[in-house]
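# Chains, contacts and geometry: an overview
As a plain string of letters, each chain reads:
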Amino acid sequence: MRIAAFGGAYANPYALLAMLADAHSRGCERIFNLGDLGGFGAECDAVWPLLCEYGVESIAGNYDVAIGRGDDDCGCGYASKRDNEFAQLMYDYTRASTGASFAAWMSELPNERREEIDGVDVHCVHGSPLAVNDFLWESLGDEELRPRVHESGARVLLCTHTGIPWQRELDGTLVVNVGAVGRPANDGRRETWYAVLDLCLDEARAELVPVGYDWRAQAASMRAARLPEPFVETIETGWWTTCLEIVPAPERARGRYHVYREAIPSGFAQDGAGWADAPAPGDDDLPVVSMFGTVVFPARLWVYSNFHCNLACDYCVVASSPTARRRQIGAERFRALIDEALAEDFTELYVTGGEPFVHPEMVEMIEYASDRLETVVLTNAMLFTGRRGRGLERLAGRERLTLQSSVDGVRPETHDLWRGAGSWERAMEGLRFAHGLGLPLRVAMTETPENREEVEELGELLAGFGIGGDDFTVRPLVQRGFAQGVETAIEVSEGVMVPELTVTADGVHWHPVGGDLESSPDFLVAPGQVPLAEAKQLVIERFLTLRQEDGTLPAAFRCAV
């Protein structure tokens, strides 16, 4: 036998009608409704006649139980204050807009349905066998899903409530979350979802089916009822704009919006983990924002072109040196990364190493990048002679290009102590050469016990190269790489640093200070050549798991690099 199952009609008769017609066209002999007929949409009573016309067999969801009893809230199971505020808005409307006869009908619905269909034991619930408002998310591990499966014991367990469809076989039970037919699945599609199952002699196969419908009519209906605009936005775009806190990090990271606007920390925009301040989220009247492109996840891509270097600085966070493990990103891969960065809305590129100008294709790579993106190249400025000097001349006059170097004191004694004898003089020569070509320059001084009193004097010296204001900064010693264990260095972790997506030949990393796989394995986001779209999602997922108890994100630690 072929059956259909849906949940979350959510007062959307347009999607429900399209789904019922589609199920019949696919030869479904029975159709099961797993509950939540009201909420979100405007036309609560309009779904009831469709259920009757198509002979739908129904159980109650938490919404139907609440409306049938006349409860004061929907019993959705949200824990967040903000989630509950939005849920209450929709429940109050649904309760006021549902006819008495329909409410009485809902009050008589069973809480579950269990029967053998063509030799297959099928169990229909709304949330889970444990509770009507239990959330069965796809990201639940087997150890979390297993108690629900064992409580049922059926060959097929059908559920809804989360609004996002998925299926998985566990311990002989096919678990199918059929999604919601009345609201998109936070996937950027306007279509909604239901499930079609083929059952025969203890065998079961499920297909999750998208439903195209007249979403414009649904949006117009909601606006005519003066429902909150964020709800209408979801119908029109396919992205959830409310009730996000209940959504686990993996599912939420796949969406366009990740946190409520009020959860973005404030007060550290000038002390973030990079050079340029990320813009504040735009005010589009939505209560939610994307994390990417904000102060908690700047649209800034770091690329380690290589790790070998002409220096072996005692505080290098990625342990670069002339003898470092050789790994570099070739020009072809680099160009592909730039193209991806543009497609993924990155606005800045930082190229670092090792010493980037050791890379034989660096000038061509910089030309490609700076033709397309604001590009900053981190260099010790010591190799600007001969062929490399002529290459640097090719880069002069590029509006999107800046060179960033390190000067750790106003005199050789303090600089060379950490970076090697003679390095201060050669760095200053390189800065003079680059300045003479008209290249914009930045300088970072890594604070050490020896140079703390030289900041002001160094600033005055650098002013002669046109470096001043925000183009000169002081950064702390960090206990990573060669500086691991240095008492005066600070400890950092993903919990106190906003992410700045970093690509190396080894994979993608949380932040450039953790770009070395050997000394900072905890900063690895994913190994290998990972698409930037996937890398962004993984970073957001990880950051969401670091949320504080009040739902806000961790504040950033100052570490300008």
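Each remark here, short or long, concerns the structure printed above.
So, how was this worked out
Residues numbered from 1 in each chain as written. Predicted model: local features only at pLDDT ≥ 70, side-chain atom pairs only at ≥ 80, totals over all residues. Heavy atoms only, no water. Axes fitted to C-alpha atoms, helices over the stretch in contact; angles between N-to-C directions. Helix = DSSP H or I, 4+ residues; strand = E, 2+ residues; numbered from the N terminus. Parallel < 35°, antiparallel > 145°, perpendicular 65-115°, else oblique. Left-handed = near helix turned anticlockwise from the far one by under 90°. Contact = heavy atoms within 4.5 Å. Pairing = 2+ DSSP bridges. Nonpolar A, V, L, I, M, F, W, Y, C, P; charged D, E, K, R; others polar. Buried < 20%, exposed > 50% of the residue type's maximum accessible area, 1.4 Å probe, protein only. Right-handed = clockwise from strand over helix to strand, strands pointing away. Salt bridge = Lys/Arg side-chain N within 4 Å of Asp/Glu carboxyl O.

### Describing the packing of helix α3 (residues 62-69) against helix α4 (residues 81-97)
Orientation of α3 relative to α4, taken along the N-to-C sense of each, is 50 degrees, at an axis distance of 11 Å. Classed by the angle they form, the pair α3 and α4 counts as oblique. Here α3 runs over α4; the crossing is right-handed. Contact residues: α3 offers Tyr-63, Ala-66 and Ile-67, while α4 offers Ala-87, Met-90, Tyr-91, Thr-94 and Arg-95.

### What about unusual backbone geometry?
Of note in the backbone geometry, Arg-226 takes a positive phi value of approximately 60 degrees without being a glycine. Secondary-structure assignment places Arg-226 in the loop between α7 (215-224) and α8 (229-237).

### With respect to the sheet that holds strand β20 (residues 507-509)
The 9 strands are arranged β18-β17-β16-β15-β14-β13-β19-β20-β21 in an open sheet whose pairing can be described as mixed. Of all strands in the sheet, those bounded by a partner on one side alone are β18 (472-475) and β21 (524-527). Sheet analysis places strand β13 (residues 300-304) next to strand β14 (residues 348-352), joined by 5 bridges and oriented parallel. Looking at the pairing, Leu-301 lines up with Leu-349 of β14.

### Looking at the environment of Phe-135
Mapped onto the elements of the fold, Phe-135 is located in the loop between β5 (120-124) and α6 (142-152). Once the C-alpha coordinates of Phe-135 and Glu-229 are considered, the two residues, 94 residues apart in sequence, prove to be 26 Å apart. Among residues more than four places away in sequence, those in contact with Phe-135 are Cys-76, Gly-77, Tyr-78, Leu-140, His-161, Thr-162 and Ile-246.

### Quick look at the packing of α7 against α8
In contact at an axis separation of 9 Å, α7 and α8 are set at 175 degrees when each is read in the N-to-C sense. Compared by their axis directions, α7 and α8 come out roughly antiparallel. Contacts from Trp-215, Gln-218, Ala-219, Met-222 and Arg-223 of α7 reach α8 at Glu-229, Phe-231, Val-232, Ile-235 and Glu-236. Class assignment of the residues belonging to the contact of α7 with α8 gives a composition of 6 nonpolar, 1 polar and 3 charged.

### Re the pairing of strand β15 (residues 374-378)
Counting buried positions over the 5 residues of β15 gives 4, a clear majority of the element. The pairing of β14 with β15 spans 4 bridges and is classified as parallel. Bridge pairing links Val-351 to Val-377 in β15. Looking at chain direction, β15 and strand β16 (residues 401-406) are connected through 4 bridges and run parallel. Paired with Leu-378 across the strands is Gln-404, a residue of β16. This β-α-β element, β15 to helix α12 (residues 386-395) to β16, shows right-handed connectivity.

### Considering the pattern of salt bridges
Applying the stated rule across the entire model yields 39 salt bridges. As a salt-bridge pair, Glu-191 and Arg-189 come within 3.4 Å of each other at their nearest N and O atoms. A salt bridge links Arg-542 to Glu-494, with the nearest nitrogen and oxygen atoms 3.0 Å apart. Of the two residues, Arg-542 is situated in helix α16 (residues 532-545) and Glu-494 in the loop between β18 and β19 (502-503); the sequence distance between them amounts to 48 residues. For Glu-494, a relative accessible area of 21% corresponds to the partly exposed category. A single network of salt bridges, built from pairs that share partners, joins Arg-325, Arg-327, Asp-506, Asp-516 and Glu-518.

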